[in-house]
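Structure assessment
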Amino acid sequence: ISAGEFTVDASKMKVSRNDIAVEIIGMHKWYNDFNVLKDINLKVMRGERIVICGPSGSGKSTMIRCINRLEEHQKGSIVVDGIELTSDLANDRRRIYEVRREVGMVFQHFNLFPHLTILQNCTLAPISTRKMPRKAAEELAMHFLERVRIPEQAHKYPGQLSGGQQQRVAIARALCMKPRVMLFDEPTSALDPEMVKEVLETMVGLAEEGMTMLCVTHEMGFARKVANRVIFMDKGQIVEQNTPDEFFDNPQNERTKIFLSQII
Ligand code: ADP
Ligand code: MG
């Protein structure tokens, strides 16, 4: 099946169509009294590959989880592919679903459904959310399982696969929804070292095909090779952002310097 055969008529549901994939303006989030994200401003153009790094607890996961509304922000706005997520969306589930359809997410711990086969993991959302016929969904799933180079695992269960294979399934599963943006939250940090490479290679392939990507990762080799922009977060704020070369070779902020000296 050609990837282009399955397209969504998004024009009907979009406020506007342009080259901005994600725009976050003056966004704050609190967990009770704790101001976990403070005045986040970030514009992501289509095709950008952004690496987000920073100390543990700095708000990286929370920020990317706000982009597909796994977390709710309380102030400011987030616009994903022309769809605005405001802080008072409680009664607008439809808009949240629209955003989730456009945004693929890959987690540290894969989050595959253990009781479903690899193929079923990949076809579930296209069938239930996209209303794809089963056969077409299965063909699409096989297309992406081939792309992540594990088509032969299609009828196994997640527990029968290695961590690296499971993470590649998770990437294929996200791709089956034809997302316009992919979010990765430390996709390799739960993997044994020998499996990190195969997952990073899959991500490099996606980047080469022009996918818009936001990746929380401390894989600095990947950041240098793939990112067009590196963002450093600390204490709930974006403290510094730059091209990878400038970011690594000439960090400006004291906190960035300390962070880099610890991880490189
Ligand atoms: P990072 O991904 O950079 O390690 P997180 O976004 O996971 O950081 O967390 C940022 C801060 O928010 C941390 O102090 C964390 O303890 C806190 N936090 C995360 N999730 C919750 C939650 N559900 N409730 C309360 N505090 C949370
Ligand atoms: Mg995190």
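This text gives an overview of the structure that appears in the document. The structure displayed is predicted, hence computed values, not measured ones.

So, on to the pairing of strand S9 (residues 229–234). In terms of burial, S9 is largely enclosed, as 6 of its 6 residues are buried. Where burial is concerned, the two faces of S9 agree: the one with Arg229, Ile231 and Met233 and the one with Val230, Phe232 and Asp234 are both buried. Judged from the 4 bridges that link them, strand S3 (residues 49–53) and S9 form a sheet pairing that is parallel. Bridging from a neighbouring strand, Cys53 pairs with Phe232 of S9. Of the strand pairs in this sheet, S9 and strand S10 (residues 237–242) are connected by 5 bridges, and their pairing is antiparallel. Following the sheet pairing, Ile231 is matched in S10 by Gln241. Here S9 hands over to S10 after 2 residues, with Lys235 in that stretch at a positive phi of 50 degrees.

What follows deals with helix H2 (residues 93–102). Within the sequence span of H2, burial applies to Ile96, Glu98, Val99, Arg101 and Glu102. On its buried face, H2 is in contact with helix H1 (60–67), strand S4 (75–80), strand S5 (83–85), strand S6 (103–106) and strand S7 (181–185).

Another point: the site of ligand 1. Inspection of the region around ligand 1 gives Tyr31, Phe34, Val36, Pro55, Ser56, Gly57, Ser58, Gly59, Lys60, Ser61 and Thr62 as its neighbouring residues. With respect to ligand 1, the side chain of Lys60 contributes an N or O atom lying 2.7 Å from an oxygen atom. A distance of 2.5 Å separates an oxygen atom of ligand 1 from a polar side-chain atom of Thr62. When ligand 1 sits alone it has 560 Å² of accessible area, and the protein chains cover 58% of it.

On to the pattern of salt bridges. Tallied over the entire structure, the rule returns 18 salt bridges. With its nearest N and O atoms 4.0 Å apart, the salt bridge here joins Glu23 to Lys43. Of this pair, Glu23 sits in strand S1 (residues 20–31) while Lys43 sits in strand S2 (residues 34–45), and the two are 20 residues apart along the sequence. Residue class for Glu23 comes out partly exposed when judged on its relative accessible area of 21%. Of the charged contacts in the structure, one is a salt bridge between Asp249 and Arg224, with a shortest N-O distance of 2.8 Å. Here Asp249, found in helix H8 (residues 244–249), pairs with Arg224, found in helix H7 (residues 220–226); they are 25 residues apart in sequence, far enough to count as distant. In this structure Arg224 comes out as partly exposed when scored by relative accessible area, which is 40%. Each of Lys29, Arg65 and Glu71 takes part in salt bridges that share partners, so that together they form one network.

Cut-offs applied
- Sequence positions are assigned chain by chain, starting from 1 and proceeding in written order.
- For naming, the first written chain is A and the first written ligand is 1, with later ones following in the order written.
- This being a predicted model, a pLDDT of at least 70 is required before a residue's local features are given, and a value of 80 or more before pairs of side-chain atoms are given or counted; all residues contribute to the totals for chains, interfaces and linings.
- Processing note: side-chain calculations cover all non-hydrogen atoms of the structure and skip hydrogens and water entirely.
- Here's how the labels work: a residue is buried when its accessible area is under 20% of the maximum for its type, exposed when over 50%, partly exposed in between, all with a 1.4 Å probe on protein chains only.
- A run of H or I in DSSP becomes a helix once it reaches four residues, and a run of E becomes a strand once it reaches two; helices and strands are each numbered from the N terminus.
- Pairing between two strands requires that DSSP report at least two bridges joining them.
- Contact between two residues is taken to exist if any of their heavy atoms lie within 4.5 Å; hydrogens are not considered.
- Here, proximity means that at least one heavy atom of the residue falls within 4 Å of the molecule or strand.
- As used in this structure description, the phrase polar contact means that two N or O atoms lie within 3.5 Å; if the pair is within protein, one of them must be able to donate a hydrogen and the other to accept it, and residues adjacent in sequence are counted only when both atoms belong to side chains.
- Only the protein chains shown count as cover for residues, with accessible areas throughout obtained via the Shrake-Rupley method and a probe of 1.4 Å.
- The salt bridge criterion pairs a side-chain nitrogen of Lys or Arg with a carboxyl oxygen of Asp or Glu, the two atoms within 4 Å.

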